[in-house]
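Structural overview
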Amino acid sequence: MEYFLQQLINGLTLGSIYGLIAIGYTMVYGIIGMINFAHGDVFMVGSMVSFIVLLALGVTGGSGAFMIIFALALVVVIAMLIASVYNWTIERVAYRPLRGSFRLAPLISAIGMSIVLQEFVRIAQEGRPKPMQPLISGGYELMHRTVAEGGEFTVKISNMQIMIIVSTLILMTVFTMLIQRTALGRAQRACEQDTKMASLLGINVDRTISITFILGACLAAFAGLMFLLYYNVTDFFIGFLAGIKAFTAAVLGGIGSIPGAMLGGLVIGMIEVMWSAYFSVEYKDVAAFTVLVMVLIFMPQGLLGKPEVEKI
Amino acid sequence: MSVAPKNNSTSDDGKALTSSALAKDLISTAVITLLILIPIVAMKTVIGQGVISIVYRFGMAFALTGIVVGVRLFLHLFVWHKAPSAASKSTAASALKTVSVSETIAKYIAPGLLIFALCFPVFTFFHPIWDKRVMDLAVYILIYIMLGWGLNVVVGLAGLLDLGYVAFYAVGAYAYALLSTVYFPQWFGTGILPWAFYITLPVAGLLAATWGVVLGFPVLRLRGDYLAIVTLAFGEMIRLVLVNWFSFTNGPQGISVPKITFFGLPFKDAPGSFSDFFGIQFNRIHFYIFLYYVILTLALITYFVTKRLRRLPIGRAWEALREDEIACRSLGINTTTTKLTAFAIGAMFGGFAGSFFAARQGFVSPESFVYIESALILAIVVLGGLGSQIGIVFSAIAIMGSFELFREMDFMKAVLPSGTEPIQFRMLAVGLAMVLMMRFRPRGFVTKREPTVFLKEKKSVSGDLVAEGHG
């Protein structure tokens, strides 16, 4: 029971990160109907930029609490800005000119872009993983029990985990408000329902699509920072696996649905953590991929999505 | 870092160019490029002994930004704002005309290439520099041509984007490795070993095709982009199993396997070997020349089988499926079977190639079957022009040959900062080429599309004029 509780906390943390990335996939899919294959790599760029800026600022775990919070706030802003510029540029260069081209063109272009981003970062920053000293340490013991063999098992939640879960909650609230209450969000939702009609009603579709990419990149960059702080390591390849899993999350939640993406992320994070805890660590990725295949076969509309109607 | 010249080109052809608009555009380009370059390029993190430090390279970032702005200025001044001339308008008549011109050339390309390929090893006798390295490169290129042709059945003809093609390549390679090292000696004794490759080859193809059906069956109802992700996941799953199922595959260490033999005669300097049997001087080059002809034969089988299949009802169904799935279904084509056969046949060729790969290397490990290999094969198919078999030959030669060229380019080292080798840029170049290809020539360089069936007379239509439906 205690073991389970501990895994639940871990799964919640990992799931938050996946959920944040998944929103980027689901929004882009909702609005232009393509998988932004390079989104996982935008997450990687966010993580890498966070690492560089943290290093440049020179904060370590030993710095004062105020200093750390200030540095993190700065890092969040910079990482979001840079990742947004990346995603915006990708959309302008690789996707926008291909609208109206044949079916596979944007997807192939996206795969090419994903390779370009990975290789660009690998060449510019070297391929070796970048380790980092833990910035936020400490935590709380929730439960404490002596196990039969004389050892003891404690259920812990670290400050880092609290921070990830709480900040994800805050970010999601802000984001939901943005989508539900502002003119921008209205335009975004309108384009999602019917791009042509939205443009007839005076919505600048190109601008809305750009903003969608920027919002997705912001969330991905935040997830990148959280990933860096949680695992204390980053490299040029993290976007690949995280991308597939986040995409799985988006599909599981019902592609096009924003709350669905968050929910899907949590479920995928849970499944991955539970699988490693109770079955085998080696096959945790296989478990996540199996979920993807199963969902696509048996429940293609996902948990919260609408069934897709094929129109001619 | 040559990623920089990705111009944020909006296609505003023919618009008048005011100097203030130009200045505004160039400044925003500069700002965006700088934002892209500054953290990643200008602040390089270097891992030293226990300390990580930052090496600042602002000069490089500014220089690259200068290049990007310069290129964009050039494009603004000389390319984008030209008044569209009459010649550049592609009318149906001119498109048809260019097709007929290229058609006469195209007629001779394939036989010419075939003769060249058959005679290629002969050149090694006349040219002293052309040694086994060149033969090895030729074999390597031919493997990728074959893989490209195999994937072409799935992506180019049937229009199913398969990102896990390397899985079937792995199935073929491991089929050969496990059968020849574990199961054949167990079942038939070691006497069979010299023949292992020839017996395993069809088995490997069948196994890969079976896997194609097994993996394809559940996912083929999916739409194009979902299919891409699921095949990618399957490819990774197979690799993860190969890495982790230690007792069966020997994990990441891989398996050493016997190399290919000349129908039972091994290539080595010993009695009973190839050179001994024919009474000639032992030379390593014989091995490479034999490998070359084996893979050439396999590749040509792939080529001709695909070429013939295109004329059968199933091949026509594939191409119809690529163009419009809904129309296909309403015409009574069973889309699931059609997709499955494409998947299985593509997988089978992948299995053959994998088996050959293992017999050539004498070693297999999961490292050879990573996602980037799938992406590379896909890039070959895409750059060759989806569906064009001759195009794939050229793109495979171009990509694999340029990898070799990257290795040789010494003059690049003068331009590049120290510590970066030109070879590192190869995948970056491939990725960029994929994006640019989709942007400017999505139908490939050879855009001719010849109908396989026609009424009374053959009317070729340029691919540029053919719209594609959504499936």
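Residues numbered from 1 in each chain as written. Chains lettered and ligands numbered in written order. Predicted model: local features only at pLDDT ≥ 70, side-chain atom pairs only at ≥ 80, totals over all residues.

1. Some words on the confidence of the model for chain B
Residues and elements named next belong to chain B. Averaged over all residues, the pLDDT of chain B is 80; the fraction at 70 or higher stands at 82%. Per-residue pLDDT, averaged within each element of chain B, yields its smallest value for strand β6 (residues 461–462) (48) and its largest for helix α13 (residues 335–361) (92). Long-range and interchain partners of residues 86–92, a stretch whose pLDDT sits below 50, account for 4 contacts in this model, where long-range means more than four residues apart. Between residues 462–471, whose pLDDT stays under 50, and residues either more than four places distant or in other chains, the model counts 30 contacts. Reported confidences for the modelled complex are a pTM of 0.87 and an ipTM of 0.88. (pLDDT = per-residue confidence, 0-100. Helix = DSSP H or I, 4+ residues; strand = E, 2+ residues; numbered from the N terminus. Contact = placed C-beta atoms within 7 Å.)

2. Quick notes on unusual backbone geometry
Residue and element names in this part refer to chain A. Residues other than glycine seldom take positive phi values, yet Asn 232 does so here, at roughly 60°. Positionally, Asn 232 belongs in the loop between α8 (205–231) and β4 (233–234). Residue Asn 232 is classed as partly exposed on the basis of its C-beta count, with 15 C-beta atoms lying within 10 Å. (Buried ≥ 20, exposed ≤ 12 C-beta atoms within 10 Å, placed from the backbone.)

3. Description of helix α4 (residues 132–157) of chain B
All names here are of chain B. Taking 1.5 Å of rise per residue, 26 residues should cover 38 Å, and α4 covers 35 Å from first to last C-alpha, within 8% of that figure. Most pronounced at Leu 151, the bend in α4 amounts to some 45°. Burial analysis of α4 places 20 of its 26 residues in the buried class, the great majority of the element. Where α4 terminates, the next one or two residues include Gly 159, which has phi positive at roughly 70°. (Expected span 1.5 Å × (residues − 1). Bend = angle between axes of the 7 residues up to and from the residue.)

4. Observations regarding the packing of helix α10 (residues 258–278) of chain A against helix α11 (residues 284–298) of chain A
Between two packed helices, the angle of one axis relative to the other and the distance separating the axes together describe the packing. All names here are of chain A. It is the contact of α10 with α11, at a shortest axis distance of 9 Å, that shows an interaxial angle of 140°. By the criterion of interaxial angle, the relationship of α10 to α11 is oblique. Here α10 runs over α11; the crossing is right-handed. Residues Ile 268, Ile 271, Glu 272, Trp 275 and Ser 276 of α10 form the contact with α11, whose own contacting residues are Lys 284, Ala 287, Ala 288 and Val 291. Here the contact of α10 with α11 is composed, by residue class, of 6 nonpolar, 1 polar and 2 charged. (Axes fitted to C-alpha atoms, helices over the stretch in contact; angles between N-to-C directions. Parallel < 35°, antiparallel > 145°, perpendicular 65-115°, else oblique. Left-handed = near helix turned anticlockwise from the far one by under 90°. Nonpolar A, V, L, I, M, F, W, Y, C, P; charged D, E, K, R; others polar.)

5. Details of the interface of chain B and chain A
At the interface, 55 residues of chain B touch 52 residues of chain A. When residues of the side of chain B that touches chain A are traced back to their parent elements, those giving at least two are α1 (19–42), β1 (43–47), β2 (52–56), α6 (196–219), α7 (224–244), α14 (371–384) and α17 (426–440) of chain B. At 12 residues, α7(B) tops the list of elements feeding residues into the side of chain B that touches chain A. A class-by-class count of the residues in the side of chain B that touches chain A yields 38 nonpolar, 11 polar and 6 charged.

6. Describing the nonpolar core
One recurring pattern in soluble globular proteins is that nonpolar side chains are buried together. Residues A:Ala79, A:Ala83, B:Met146, B:Ile295 and B:Ala379 are the most contacted members of the largest nonpolar core, which totals 228 residues. With 17 residues, α8(A) is the largest single contributor of residues to this core. Residues lining this core come from more than one domain, with at least three contributed by each of domain 1 (19–77) and domain 2 (92–465) of chain B. In this view, B:Ala379 contacts B:Ile399, B:Val430, B:Ala433 and B:Met434; residues no more than four positions away in its chain are not counted. (Core = buried A, V, L, I, M, F, W, Y, C linked by C-beta atoms within 7 Å. Domains from an automatic or database assignment.)

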